[in-house]
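Structural overview for review
Listed here are the chains, written in short residue letters.
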Amino acid sequence: MRNLFYILFFFSVILNSCKQNDSLTEREINFNSGWKFIRADIPGAEKPDFDDSAWRTLVLPHDYSIEDLPEKEGVKQIGPFSEESEGGISTGHVVGGTAWYRKHFTLNNTDEGKIVKILFDGVYMNTDVWINGHHLGNHPYGYTAFSFDLTDHLLPVGEENVLAVQVKNEGQNSRWYSGSGIYRNVTLLKTNPVHVDLWGIFVRTKAVSTENATVAVDVRLMNESAEDKRVTLKMEFRDSDGKYVTHFEDEKELAAGQKTTFKQEFGLPDYRLWSLDNPELYTLVVQLVDGKKIIDEVMETFGIRTIEFSAEKGFLLNGENVLLKGGCLHHDNGPLGSAAFDYAEFRRVKIMKENGFNAIRSAHNPPSKAFLDACDQLGVLIMDEAFDMWQVPKKQEDYHLYFDEWWEKDLESMVLRARNHPSVIIWSVGNEIKERADSSGLEIFRKLRAKVLEMDDTRPVTQAICGFWETPGRSWEDSEPAFAQMDVHGYNYQWQQYESDHEKFPERIIIGTESFPMEAFENWQMVEKHPYVIGDFVWTGMDYFGESGIGSSKLDNEDIPFLPPWPWFNAHCGDISVLGYKKPQMYFRDVVWRNSELEMLVHAPIPEGREEIISNWGWPNEMKSWTWEGHEGKPLQVSVYTRCDEVRLEMDGEVIGTKPVSEETKLTARFDVTYQPGELVAVGLKNGQETVRQVLKTAGKPARLKITAERETVSASYNDLAYFNVEVLDENGLLVPHAEISVEFAIDGIGTLQAVGNGNPTGMKSFQQPQVLTYRGKCQVIVRSSDQPGEISVTARSEGLEPGTARVDVYN
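Residues numbered from 1 in each chain as written. Predicted model: local features only at pLDDT ≥ 70, side-chain atom pairs only at ≥ 80, totals over all residues. Heavy atoms only, no water.

**A short note on the overall build of the protein**
Condition: Only DSSP runs of H or I with at least four residues qualify as helices, and only runs of E with at least two residues qualify as strands; both kinds are numbered from the N terminus onward. Our radius of gyration is a C-alpha quantity, and the globule rule it is checked against amounts to 2.2 Å times the number of residues to the power 0.38. Whether a residue is buried, partly exposed or exposed follows from its accessible area with a 1.4 Å probe, protein chains only, as a fraction of its type maximum: under 20%, in between, or over 50%, in that order. By the convention used here, residues are in contact when the closest approach between their heavy atoms is within 4.5 Å.
Looking only at helices and strands, the protein features nine helices and 49 strands. Its C-alpha atoms give the protein a radius of gyration of 27 Å, within 12% of the compact-globule value 28 Å for 812 residues. Considered along the principal axes of its C-alpha atoms, the protein spans approximately 90 × 65 × 60 Å. Considering the protein as a whole, with its 812 residues, one finds that 60% of them fall into the buried category. Of the contacts made within the protein by residues no fewer than 6 positions apart, 71% connect residues no fewer than 24 positions apart.

Below you can see the structure in the form of structure tokens.
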């Protein structure tokens, strides 16, 4: 029954989110459709009379770095990958460059006298915007939302306006895959001259009691007219069912050309708290009324919840201790690139939660609004992070070029946009900053923290501190002045320092902001043992593109650098693959977090006399498989992870051996087993009694393709996606784990192909052609919905195998 509830809950949230983002309101117009695009630097493209009729027409969000490159003689290229990539290994060998977007639109009669602004949730990067040939400005940072006022340069009602956007992703500017283009949603804002300012509402919980919850509300009003105005400010609270809770109404005087902030506290009776298990969301409806006419209306979602941090009690959510089971996430969506489709963002958060994570660190930049909305809706906590560097660069053309001029504006964007999201519990203003312990860095952090707290004093401020690997000779103790400035204290890969640091600084609230997958057990021991260690964030929760092969392994006789070269393009360090499947380290974490009683994995054969060398961010080359054709009679290492007292291993009903398991063995029992086809069974024992067992069976030859739609229904929205997962099965329905076969897709109905993928970190290919090789017996196709109801049908075919077909319904 509980599973049914979550299915229905997820389904309703997804549909509502996608529909809202397509329609929005008359005040907020979805501006994703009808853009003209060209991947080139075209002189004069900002001019309104420029002929863009030959340009491609598309619907945002859009990432041009994930798209196939045109053939280029003498250059090694595959799909979006090129040996000419300026980012190279760091960005996954993809190409950025300069591109243009243009959108033609007209205003209608109801827009007469309105203030019209354009809001971009994120464009990567160095963006210039023109309206009707007038340059509105530049926005360098690729991860913060920004807006421009179009009003003074718009043509009269009925005449065509042209919005032009130039995007420049040039040089070496990122340590990971960034993507390129207008990769998040765009909104056209239309308001009367007297209106609620952008991000001008701030709602926070002041206190809760048995009778009611006290919430404080700030509303920033803008009078852009030439006259003083007297308006009625109305506020109404509604619960998650849309039912009325309470309201407020008062007359307000607004000076011409000024912003004015009004503050009010409210008691909400019979309240329901926002929590991880029950993420209840309220809506505040703010109206401005002139006489009897509503001249502005804004609906702001928030949650009632309290947060508290201390070294004595740890982290408390609504007064209850919560251990942060965290994962760091970059912003890309695998085969979609960085395109932040609403459902793709929702799906990532959903996958993280389904795998036991209750917290995400948005590494190393603010996430999309859709991602924050998903965390609110699903009950996942967020550490919202601003920057990967300050004044000292990590790449030649990175954000350090703009930091001094832009840090304040970008912090405002991050905090003001996100501060009403109950999921956000910590602000981070930096990651592994090179000048973190220098006098300049200490002063920068002081300014950053003060700026954040000026906008929101309800959440702590941190940064992620690592060892001084980039400056040999400096000791961990040199970090002390930086830690002294923080509210909570972010440690990257330093669990060995927790206890000794606590002895010296007992007031420190420690959080593992990054940790190695292979140290999951040690890190979680610290969290469970000490209240002053409030959580652990693994690097990373899911795989991402770029930092190619940081999680790879190799044999001791292979001359491969730390970050392996072409064709690696995937970091391969995530607990979960880019397709959303568990990887071996996730099975181990399931046991560490007590989400699974037992997991069994088998290491791939290693040539005799050789040893495996594993990156710190990697994991042994294990699989949940007992299918190793060609290795009959050879020993394989079987690892069983469990919190049982003992593990008994059986092969075809015969006992191979029994081994004890404890924290001293890091919850692991290992066996050397001579491979033969059959049935391998791991039995978990407590006090000598069987409590759990897991079976691995040898699969036969590929016989058919099984294709499964992740959802039965999607909404009629260009921002919704249908994911179809394909498995290669034998005649008995077992996954064939080593199958690498070509699969072709036929899509019928109203959907269009958006991407294909297989999770192979070295499998360079096009993500946009209707064919793909399976990897470890699996692949995926993603179909974009349309704005019309109907059906999407996908058939997967491979020569010699029984095909599979799956369908989803599309409705308004």
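**A few points about the pairing of strand E16 (residues 244–254)**
Just so we agree on the cut-off: DSSP-based pairing: two strands are paired if at least 2 bridges between them are found.
Bridging between strand E15 (residues 229–238) and E16 involves 10 bridges; their strand directions are antiparallel. In the sheet register, Lys 234 faces E16, and the bridge partner there is Glu 249. Hairpin geometry of E15 and E16 is characterised by an intervening segment of five residues between the two adjacent antiparallel strands and by a positive phi of about 85 degrees at Gly 242.

**Remarks on the pattern of salt bridges**
Note the cut-off: Each reported salt bridge corresponds to a side-chain nitrogen of Lys or Arg within 4 Å of a carboxyl oxygen of Asp or Glu.
In total, this model carries 56 salt bridges according to the counting rule given. The partner of Asp 456 in a salt bridge is Arg 459, with the nearest N and O atoms 2.7 Å apart. The buried category is assigned to Arg 459, whose relative accessible area is 5%.

**Description of the packing of helix H2 (residues 342–354) against helix H3 (residues 369–378)**
Here is the rule: All axes are obtained by fitting lines to C-alpha atoms, using only the stretch in contact for helices, and the reported angles, taken between N-to-C directions, cover 0 to 180 degrees. Oblique is the label for every angle not falling under 35 degrees (roughly parallel), over 145 degrees (roughly antiparallel), or within 65 to 115 degrees (roughly perpendicular). The handedness criterion is simple: a crossing whose near helix is rotated anticlockwise from the far helix by less than a right angle is left-handed, and one whose near helix is rotated clockwise is right-handed. Basically, the charged four are Asp, Glu, Lys and Arg, the nonpolar ten are Ala, Val, Leu, Ile, Met, Phe, Trp, Tyr, Cys and Pro, and anything else, Gly included, counts as polar.
Relative to each other, H2 and H3 sit at 40 degrees, their axes nearing to 8 Å. Taken together, the axis directions place H2 and H3 in an arrangement best described as oblique. Between H2 and H3 the crossing geometry is right-handed. Only Ala 370, Phe 371, Ala 374, Cys 375, Gln 377 and Leu 378 of H3 make contact with H2, whose side of the interface consists of Asp 342, Glu 345, Phe 346, Arg 348, Val 349, Lys 350 and Lys 353. For the contact of H2 with H3, a count of residues per class yields seven nonpolar, one polar and five charged.

**A short note on the side chain of Gln 494**
Within the secondary structure, Gln 494 sits in the loop between strand E28 (489–492) and helix H7 (498–504). The buried category is assigned to Gln 494, whose relative accessible area is 14%. Sequence-distant contacts of Gln 494, that is, excluding residues within four places in its chain, are made with Cys 466, Gly 467 and Trp 476.

**Description of the environment of Glu 300**
Put simply, the rule reads: Throughout this description, a polar contact denotes any pair of N or O atoms lying within 3.5 Å of each other; where both atoms belong to protein, one of them has to be capable of donating a hydrogen while the other can accept it, and for residues adjacent in sequence the pair is counted only when both atoms sit in side chains.
On the secondary structure map, Glu 300 appears in strand E19 (residues 293–302). Exposure remark for Glu 300: the relative accessible area of 21% places this residue in the partly exposed category. Between the alpha carbons of Glu 300 and Pro 193 there is a distance of 20 Å; along the sequence they are 107 residues apart. If we ignore the near neighbours within four places in the chain, the residues touching Glu 300 are Ile 201, Tyr 282, Thr 283, Leu 284 and Asn 420. Only 3.0 Å separates the side chain of Glu 300 from the side chain of Asn 420, close enough to count as a polar contact.

**Points about unusual backbone geometry**
Residue Tyr 124 is joined to Met 125 through a cis peptide bond whose omega torsion reads -10 degrees. Cis geometry is found at the peptide bond from Trp 539 to Thr 540, where omega equals 0 degrees. One can find Thr 540 in the loop between strand E30 (533–538) and strand E31 (553–555). Even without glycine at this site, Leu 667 takes up a positive phi of about 60 degrees. Mapped onto the fold, Leu 667 is located in the loop between strand E37 (654–660) and strand E38 (668–674).

**Remarks on the confidence of the model for the protein**
Formally: Note on scores: pLDDT gives the predictor's confidence for each residue, bounded by 0 and 100.
Averaged over the protein, the pLDDT score is 96; the fraction of residues at 70 or greater is 97%. Low pLDDT (under 50) marks residues 1–12, which in the prediction has 11 contacts with non-local residues, meaning those over four places away or in another chain.

**Description of H2**
The criterion, for reference: Here a helix's expected span is defined as the number of its residues, less one, multiplied by 1.5 Å.
Here H2 is 13 residues long and its end C-alpha atoms lie 18 Å apart, about the 18 Å a rise of 1.5 Å per residue gives. Burial runs high along H2: 11 of the 13 residues are buried. Among the residues of H2, those classed as buried are Asp 342, Tyr 343, Ala 344, Glu 345, Phe 346, Arg 347, Arg 348, Val 349, Lys 350, Ile 351 and Met 352. Downstream of H2 by one or two residues, Gly 356 has phi in the positive range, about 100 degrees.

**Observations regarding the packing of helix H8 (residues 520–529) against helix H9 (residues 584–592)**
The N-to-C vectors of H8 and H9 enclose an angle of 25 degrees; their axes lie 10 Å apart at closest approach. Judged by the inter-axis angle, H8 sits roughly parallel to H9. When you trace H8 past H9, the crossing you get is right-handed. Taking contact as the criterion, the partners of Ala 520, Phe 521 and Trp 524 in H8 are, on H9, Phe 588, Arg 589 and Val 592. Here the contact of H8 with H9 is composed, by residue class, of five nonpolar, no polar and one charged.

**A word on the side chain of Asn 570**
Residue placement: Asn 570 occurs in the loop between E31 and H9. At a separation of 2.7 Å, a polar atom in the side chain of Asn 570 contacts the main-chain amide nitrogen of His 572. Look past the residues within four positions of Asn 570 in its chain and what remains in contact with it is Asp 543, Tyr 544, Phe 545, Gly 546, Ser 548, Gly 549, Val 578, Gly 759 and Pro 761.

**Looking at H3**
Among the 10 residues of H3, nine are classified as buried, and the element is accordingly described as predominantly covered. Within the span of H3, buried status applies to Ala 370, Phe 371, Leu 372, Asp 373, Ala 374, Cys 375, Asp 376, Gln 377 and Leu 378. Remark: Gly 379 follows H3 within two positions and exhibits a positive phi of approximately 80 degrees.

**Some remarks on the packing of aromatic side chains**
Short version of the rule: Under the pairing criterion, centres of Phe, Tyr and Trp rings, with the six-membered ring standing for Trp, must be within 6.5 Å; the plane angle then separates stacked pairs below 30 degrees from edge-to-face pairs above 60, leaving the rest tilted.
This model, assessed by the stated rule, comprises 46 aromatic pairs. With a centroid separation of 5.1 Å and an interplanar angle of 75 degrees, the aromatic rings of Phe 545 and Phe 569 are classed as edge-to-face. Linking Phe 545 in the loop between E30 and E31 with Phe 569 in the loop between E31 and H9, this pair joins segments that are 24 residues apart in sequence. Of the two residues, Phe 545 and Phe 569, both sit in the buried class. These aromatic residues form a ring-pair network of at least three members: Tyr 124, Tyr 141, Tyr 143, Phe 387, Trp 390, Tyr 399, Phe 403 and Trp 407.

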